[in-house]
Each structure stands twice: as structure tokens, then as C-alpha cells.
Amino acid sequence: MKRHILVSEKAAAISAIAAALDFPSWFGQNLDALYDSLTDLSWLPAGEYVLVVPVDLDPSVSAVLRDAVKRNAESGDHKLRVVRTER
């Protein structure tokens, strides 16, 4: 399933990612919670999830996405990919 994130500012990007992947209500709207949620997609059906993000995405959010993709590559039936694009 592909989801487009069209914002680059940190707080807005975190919210957009949470909405795109239908994060649980307990999601904390911060970088630690973002990482935890991206590395445990158990509330979603098994499969591959692709986030399309702008190239100018906040660097701290980009770092969390990069680390989460690496962690998901080692795990089971939920895969995460991130594609960077010019809007």
C-alpha cells in the first residue's frame, strides 16, 4: 500500500505519517513514538507499505524513517519502504 506524505516540517510530517498508516490511538506524536510505531506495524494487514516523502523532509524524521526501514527489513510480515521525491 502506497501513501504520500506531502509535508516536510517535523510535526506535520509525523502527523501525516501517523494518519497515512492509521497509527493506533496511543501514538505519542514524537520521534520516539514514530520509530516504535513504524517498527511494529502489527495493527495493519501483512504486506508492504510504501511512504512517499519529499526530499526536503525534516532530517530527524528522515533518520527515523531510515532506521525503521532497516529494522523492518529484519522482521516478519510487515515491510516498510520509503521513497523520496520532488513533490
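Shown above is the structure to which this text applies.
Residues numbered from 1 in each chain as written. Predicted model: local features only at pLDDT ≥ 70, side-chain atom pairs only at ≥ 80, totals over all residues. Heavy atoms only, no water.

**Brief notes about the packing of helix 1 (residues 10-20) against helix 3 (residues 59-73)**
Piece 1. Packing of helix 1 against helix 3 leaves a shortest axis separation of 9 Å and a crossing angle of 35°. Here helix 1 contributes Lys10, Ala13, Ile14 and Ile17 to the contact with helix 3, which in turn contributes Ser60, Val61 and Leu65.
Piece 2. Partitioning the contact of helix 1 with helix 3 into residue classes produces five nonpolar, one polar and one charged. (Axes fitted to C-alpha atoms, helices over the stretch in contact; angles between N-to-C directions. Helix = DSSP H or I, 4+ residues; strand = E, 2+ residues; numbered from the N terminus. Contact = heavy atoms within 4.5 Å. Nonpolar A, V, L, I, M, F, W, Y, C, P; charged D, E, K, R; others polar.)

**Re the packing of helix 2 (residues 31-38) against helix 3**
Piece 1. Where helix 2 meets helix 3, the closest approach of the two axes is 9 Å, and the angle between their N-to-C directions is 25°. Regarding the angle of helix 2 to helix 3, the classification is roughly parallel. Here the hand of the crossing between helix 2 and helix 3 comes out right-handed. From helix 2, Leu31, Leu34, Tyr35 and Leu38 reach across to helix 3, where they touch Ser60, Val61, Val64, Leu65, Asp67, Ala68, Arg71 and Asn72.
Piece 2. Classifying every residue of the contact of helix 2 with helix 3 by side-chain character gives eight nonpolar, two polar and two charged. (Parallel < 35°, antiparallel > 145°, perpendicular 65-115°, else oblique. Left-handed = near helix turned anticlockwise from the far one by under 90°.)

**With respect to the pattern of salt bridges**
Piece 1. Counted under the stated rule, the structure contains one salt bridge.
Piece 2. For the salt bridge of Arg81 with Glu48, the shortest nitrogen-to-oxygen distance reads 3.1 Å. With a gap of 33 residues between them, Arg81 in strand 3 (residues 78-85) and Glu48 in strand 2 (residues 47-54) connect regions that are remote in the sequence.
Piece 3. By relative accessible area, Arg81 is classed as partly exposed at 41%.
Piece 4. Residue classification places Glu48 among the partly exposed residues on the basis of a relative accessible area of 38%. (Salt bridge = Lys/Arg side-chain N within 4 Å of Asp/Glu carboxyl O. Buried < 20%, exposed > 50% of the residue type's maximum accessible area, 1.4 Å probe, protein only.)

**Considerations on the sheet that holds strand 2**
Piece 1. In spatial order, the strands read 1-2-3; together these three strands make up an open sheet with parallel pairing. Strands at the two margins of the open sheet, each flanked by one partner only, are strand 1 (2-4) and strand 3. The mean inter-strand angle of the sheet, taken between neighbouring strand axes irrespective of direction, is 20°.
Piece 2. Strand direction decides the pairing type here: strand 2 and strand 3, joined by eight bridges, are parallel. Within strand 3, the position partnered with Glu48 by the bridge is Lys79. (Pairing = 2+ DSSP bridges.)

**A closer look at helix 1**
Quick reminder: α-helices carry 3.6 residues per turn. Residues three or four places apart thus point the same way.
Piece 1. Taken together, the buried positions of helix 1 are Ala13, Ile14, Ile17, Ala18 and Ala20. For helix 1, the arc enclosing every buried residue in end-on projection is 165°, short of the 170-degree limit, so these residues lie on one face.
Piece 2. For helix 1, the N-terminal capping position is held by Glu9, with its side-chain oxygen 3.4 Å away from the main-chain nitrogen of Ala11.
Piece 3. At the C-terminal side of helix 1, Asp22 shows a positive phi close to 50°. (Arc of directions from axis to C-beta. Polar contact = N/O pair within 3.5 Å; in protein donor to acceptor, adjacent residues only side chain to side chain.)

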